[in-house]
Amino acid sequence: MVNLLSIQEKKYLQWEYRCRLFVLALKGIFVLAAIFIILLLPTRARLMFSERADDKRIEVLGAGQASSLEREVRASVLDINQKLSIFTFKPEWVFSQEVLDPILNNLGSNIQLKSVFLERSPTGVVAKLRGWAADREKLLEFRRRLETVSGFAQVDLPISNFVKGRDIEFSLDILLSEKK
């Protein structure tokens, strides 16, 4: 029968076959999309309900109607934040530039530092130096040079550091002047 059809009819049958194949493919894609959407609907609905519940919970918390457990957690967080605030120094202090540079610039060749650290005290911020000096004169000279630095309000060098004549281990406290 294929041989009995004319060429024009054969082309028309091929075009009709391709159109039907295309429509069938579109129907398949639409069916798969519909299945995909149907499977996603419960998840979407659950997300919407949980989002609404979260919004209501935030409104309740914002209104101050938190549970006792939430109030305890808030109080403990505030307490921890308050305790942590003692570890912070004033943000205007630049340790390397305003504290460490003047100390290192005035450090003599016969003085070695073991440690330098800042400490907050009731009188203000104190830089504590620990180190070794070759003799008393070098240590006194170092102290005098530090007293001339404009950022240092007071330089304390205990007399007990002068007991030995040579190879002196010293402890020096520098009170930093308040910034304006």
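**Notes on the nonpolar core**
- With 20 residues, the main nonpolar core has I103, F142, L146, F170, L172 and I174 as its most contacted residues.
- What L172 contacts, discounting residues up to four positions off in sequence, is A127, K128, L129, R130, F142, L146, V155, D156 and L157.

**Some points on the side chain of N106**
- Within the secondary structure, N106 sits in the loop between α3 (95–105) and β1 (111–121).
- Polar side-chain contacts of N106 include one of 2.9 Å to the backbone oxygen of P102.
- The contacts of N106, once residues within four sequence positions are left out, are F142, R145, L146 and V149.

**Some thoughts on the pattern of salt bridges**
- Applying the stated criterion across every chain, the model contains seven salt bridges.
- A salt bridge links R20 to E16; its shortest N-O distance comes to 2.8 Å. Remark: E16 and R20 occur in helix α1 (residues 7–62); sequence separation between them is four residues, near one turn of the helix.
- Relative accessible area serves as the criterion here: at 23%, E16 is assigned to the partly exposed category.
- For E147, the salt bridge identified is with R143, shortest N-O distance 3.3 Å.

**Details of the pairing of strand β4 (residues 166–176)**
- Bridge count between strand β2 (residues 124–135) and β4: nine bridges; the pairing is antiparallel. Bridge assignment links K128 to a residue of β4, and that residue is D173.
- Relative to β4, strand β3 (residues 152–156) is paired through four bridges, and the arrangement is antiparallel. Directly across from F152, in β4, lies its bridge partner L176.

**Remarks on a negative patch on the surface**
- A contiguous patch of negative charge, built from E51, D54, D55 and E59, is present on the exposed surface.
- Mapped onto the elements, E59 comes out in helix α1.
- Classification of E59 as exposed rests on a relative accessible area of 59%.

**What about a nonpolar patch on the surface?**
- Together, F22, V23, L26, I29 and F30 line one region of the surface with nonpolar side chains, adding up to about 510 Å² of accessible area.
- Tracing the backbone shows I29 in helix α1.
- Of the residues examined, I29 reaches a relative accessible area of 54% and is grouped as exposed.

**Section: the UniProt feature "transmembrane region" (unreviewed entry) in the protein chain**
- Summarizing the sequence annotation, UniProt attributes the feature "transmembrane region" (unreviewed entry) to residues 21–41 in the numbering used throughout.
- In the segment residues 21–41, helix accounts for 100% and strand for 0%; the C-alpha atoms at its two ends are 30 Å apart.

Cut-offs and rules
- Residues numbered from 1 in each chain as written.
- Predicted model: local features only at pLDDT ≥ 70, side-chain atom pairs only at ≥ 80, totals over all residues.
- Heavy atoms only, no water.
- Core = buried A, V, L, I, M, F, W, Y, C linked by side-chain atoms within 4.5 Å.
- Buried < 20%, exposed > 50% of the residue type's maximum accessible area, 1.4 Å probe, protein only.
- Contact = heavy atoms within 4.5 Å.
- Helix = DSSP H or I, 4+ residues; strand = E, 2+ residues; numbered from the N terminus.
- Polar contact = N/O pair within 3.5 Å; in protein donor to acceptor, adjacent residues only side chain to side chain.
- Salt bridge = Lys/Arg side-chain N within 4 Å of Asp/Glu carboxyl O.
- Pairing = 2+ DSSP bridges.
- Patch = residues over 30% accessible without salt bridge, like charges linked within 9 Å, V, L, I, M, F, W, Y side chains within 5 Å.
- Areas by Shrake-Rupley, 256 points an atom, 1.4 Å probe, with all protein chains shown as cover.
- Lys, Arg positive; Asp, Glu negative; His and termini not counted.
- Charge placed at Lys NZ, Arg CZ, Asp CG, Glu CD.
- UniProt positions renumbered as here; feature names shortened; annotations may be inferred.

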